[in-house]
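One letter stands for each residue in the lines below.
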Amino acid sequence: MKEKTINKILFILLLVLLVVFLFPIAFIVMNSFKGKFFISDSPFTIPSGEAFAGLENYVVGLAKTGFFQAAGWSFFITLVSVGVVVVFSAMTAYYLTRVKTWWTKTIYYLFVFSMIVPFQMVMFPTIKVADYLHLNNPIGMVILYLGFGSGLSVFMFSGFIKSIPMEIEEASMLDGCSPIKHFFYIIFPILKPTAITVAILNTMWIWNDYLLPYLVIGVSTPYKTIPVVVQMLVGSNGNKDMGAMMAMLVLSMVPVIVFYLTMQKYIVKSVAAGAVKG
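The name an unreviewed UniProt entry gives the protein chain is ABC transmembrane type-1 domain-containing protein, with Anaerococcus lactolyticus S7-1-13 as the organism. Quoted verbatim from the Sequence similarities (unreviewed entry) field of the UniProt record, the comment on the protein chain reads "Belongs to the binding-protein-dependent transport system permease family." Quoted verbatim from the Subcellular location (unreviewed entry) heading of the UniProt record, the comment on the protein chain is "Cell membrane".

**Details of the UniProt feature "transmembrane region" (unreviewed entry) in the protein chain**
Under the UniProt annotation, the feature "transmembrane region" (unreviewed entry) is placed at residues 9-30, 73-96, 108-127, 139-161, 182-207 and 242-261. A helix fraction of 90% and a strand fraction of 0% characterise residues 108-127, whose end C-alpha atoms lie 25 Å from each other. The distance from the first to the last C-alpha atom of residues 242-261 is 28 Å, and the span holds 100% helix and 0% strand.

**Brief notes about the domain arrangement of the protein chain**
By the assigned domains, the protein chain splits into domain 1 (1-53) and domain 2 (57-276). One C-alpha centre belongs to domain 1, the other to domain 2, and the line joining them spans 30 Å. Across the boundary between the two partners, domain 1 contributes 11 residues, which contact 10 residues of domain 2. Summed over the three residues of domain 1 that lose the most area to domain 2, namely Ile28, Ser32 and Lys36, the buried surface amounts to 54% of that side. One can count zero salt bridges joining domain 1 with domain 2. The interface formed by domain 1 and domain 2 holds three residue pairs in polar contact (both at pLDDT 80 or more) in total. Counting only elements with at least two residues in the side of domain 1 that touches domain 2, the list comes to helix H1 (2-31) and helix H2 (36-41). Across the side of domain 1 that touches domain 2, the residue classes break down as seven nonpolar, two polar and two charged.

**Quick notes on the confidence of the model for the protein chain**
When pLDDT is averaged along the protein chain, the result is 84, and 93% of the positions lie at 70 or above. Within the protein chain, the element-level pLDDT minimum falls on helix H13 (residues 242-277), averaging 73, and the maximum on helix H4 (residues 67-98), averaging 93. The model gives residues 273-278 a pLDDT under 50, and that stretch makes zero contacts with residues more than four places away or in other chains.

**Remarks on the packing of aromatic side chains**
Tallying each qualifying case throughout the model produces 18 aromatic pairs. Both rings, one in Phe183 and one in Phe188, keep their centres 5.8 Å apart while their planes meet at 45°; by these two values the pair is tilted. Residue Phe188 is classed as partly exposed on the basis of its relative accessible area of 21%. A network of ring pairs unites the aromatic residues Tyr94, Phe183, Phe184 and Phe188 as a single cluster.

About the cut-offs
Along every chain, residues carry numbers that run from 1 in the direction the sequence is written. Since the coordinates come from a predicted model, pLDDT governs what is reported: local features require at least 70, and pairs of side-chain atoms require 80 or more to be given and counted, while whole-chain, interface and lining totals use all residues. Each side-chain value is derived from all of the structure's non-hydrogen atoms; neither hydrogens nor water enter the calculation. UniProt positions are given in the numbering used here, feature names are shortened, and annotations may be inferred rather than shown by experiment. Only DSSP runs of H or I reaching four residues or more are called helices, and only runs of E reaching two or more are called strands; each is numbered from the N terminus. Residue ranges for the domains originate in an automatic or database domain assignment. What makes two residues a contact is simply this: any of their non-hydrogen atoms within 4.5 Å. When two parts are put together, the accessible area they lose, computed with a 1.4 Å probe and summed over both, is reported as buried area. Here, a salt bridge means any Lys or Arg side-chain nitrogen found within 4 Å of an Asp or Glu carboxyl oxygen. Here a polar contact is recorded for every N or O atom pair within 3.5 Å, except that within protein the pair must consist of a potential hydrogen donor and a potential acceptor, and residues adjacent in sequence are included only if both atoms are side-chain atoms. Polarity classes work like this: nonpolar for Ala, Val, Leu, Ile, Met, Phe, Trp, Tyr, Cys and Pro, charged for Asp, Glu, Lys and Arg, and polar for all others, with Gly in that last group. Note: pLDDT gives the predictor's confidence per residue, expressed from 0 to 100. Any two of the Phe, Tyr and Trp rings considered here, Trp counted by its six-membered ring, make a pair once their centres fall within 6.5 Å; the pair's planes then place it as stacked at under 30 degrees, edge-to-face at over 60, or tilted in between. Only protein chains enter the area calculation, which uses a 1.4 Å probe; residues under 20% of their type maximum are buried, those over 50% are exposed, and those in between are partly exposed.

See the structure below:
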């Protein structure tokens, strides 16, 4: 009886949390189908009658923002940046974990320290360096995201690598495996659960990031990302199209939600497999 009561309480708690997390998404989707004047008057009502704008907000938003071009650059920057961060962070973490010297320890702690440094502290120096090195382009953004994303990624990979038995590495070395082959054929597949987690965290961060692309790339280039073009709908002097903005926010959420739901399956599978093997 006591166990049933606890389960009911947990169920109600989880249900409340589900509503809390899903409400902002439902709010944006609902208002994306309203006329822009009705959004401010009655933001929490279901669109109906005169308030229902159909797909007008989506058409206006696509026309005003150049959304598909921005989506292309967002996909390019996000996919390449995440791939680079995952591979290079895993290699760095492996080296720093296995080579035990005073300077590898120092480098590791510098990576850890970088996680607690707020972006605002290095914002202006970053912009100056990016301008000086001509990083105000998609490839430059990949380099910048590698720098900002490596701290947490190296920290996560290092923790997992410490749990990998040295016997596995010694066996592959005895079989004549080179260090590069050893990493990519033996170590990297073992890191799959952590790699997927790192990929999800960095994908959601880079895809939704507004400040860095805005400061480095700006709004006067063809390389604008989705957050930058959506923010342009705010306008100036209060002249903003909330309907079009809500519609573009809905479109911008779809890829990252699909990615997260797809990758979540692999995380659960990989972690479960590791638990069974252990």
